[in-house]
Amino acid sequence: MAKMTRKERIAKKHRRVRKKVFGTPERPRLAVYKSLKHMYAQIIDDTKGHTLVAASTVDKEVKEKIKGLSKTEAARVVGQVIAERAKAKGITAVVFDRGGFIYHGRIKAIAEGAREGGLEF
């Protein structure tokens, strides 16, 4: 039997997580994705299928802030940036979607950064 690739394993876990996690207009979903180099976070209203707010390590604003930081520290900055952008749009409470990744390291750092920025979950 063939082994699953890293991408397939993560997708399988994400489908399992998404069975329970759903974003509403009152409490949208904070979805997180990590590649080997970068971190991405977006706040999504699943009823409409729209991304309300997004931030990542490839944004110009974030890139300047993370120069010389480790990946985990950069993830925390992404969490703080997404929180301040969400607050500007009037979003205070979200549902956290770890995207099939283990809640540890960079995923945990984004969550902590978002909490520090004022998001509630």
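Everything here concerns the structure above.
What counts as what
- Residues numbered from 1 in each chain as written.
- Predicted model: local features only at pLDDT ≥ 70, side-chain atom pairs only at ≥ 80, totals over all residues.
- Heavy atoms only, no water.
- Helix = DSSP H or I, 4+ residues; strand = E, 2+ residues; numbered from the N terminus.
- Buried < 20%, exposed > 50% of the residue type's maximum accessible area, 1.4 Å probe, protein only.
- Contact = heavy atoms within 4.5 Å.
- Areas by Shrake-Rupley, 256 points an atom, 1.4 Å probe, with all protein chains shown as cover.
- Lys, Arg positive; Asp, Glu negative; His and termini not counted.
- Charge placed at Lys NZ, Arg CZ, Asp CG, Glu CD.
- Pairing = 2+ DSSP bridges.
- Axes fitted to C-alpha atoms, helices over the stretch in contact; angles between N-to-C directions.

Moving on, we get to the overall build of the protein. Across its full length, the protein holds four helices and four strands. Secondary structure elements of the protein, listed N to C terminal, follow the sequence α-β-β-β-α-α-β-α. Viewed in the frame of its principal axes, the protein has a C-alpha envelope of about 50 × 40 × 20 Å. When the 121 residues of the protein are sorted by exposure, 40% land in the buried category. Within the protein, contacts between residues at least 6 apart in sequence are counted, and of these 61% link residues at least 24 apart. Surface summary for the protein: the accessible area is close to 7500 Å², and the carbon and sulfur share equals 53%. Averaged over its 29 positive side-chain charges, the protein has a centre that lies 9 Å from the centre of its 13 negative ones.

Our focus in this paragraph is the sheet that holds strand β2 (residues 39-45). The strands making up a sheet associate through hydrogen bonds between their backbones, and the pairing can be parallel or antiparallel. Read from one edge to the other, the open sheet built from four strands follows the order β3-β2-β1-β4, with strand pairing classed as mixed. Only two strands of the sheet have a single partner each, and these edge strands are β3 (50-56) and β4 (95-97). Taken pair by pair, the neighbouring strands of this sheet meet at an average axis angle of 20°, ignoring direction. In the sheet, β2 pairs with β3 via six bridges, with the strands oriented antiparallel. Within the sheet, the bridge partner assigned to Tyr40 lies in β3 and is Ser56. The strands touched by helix α4 (residues 106-116) within the sheet are β1 (29-34), β2 and β4, with β1 carrying the most contacts at an inclination of about 145°.

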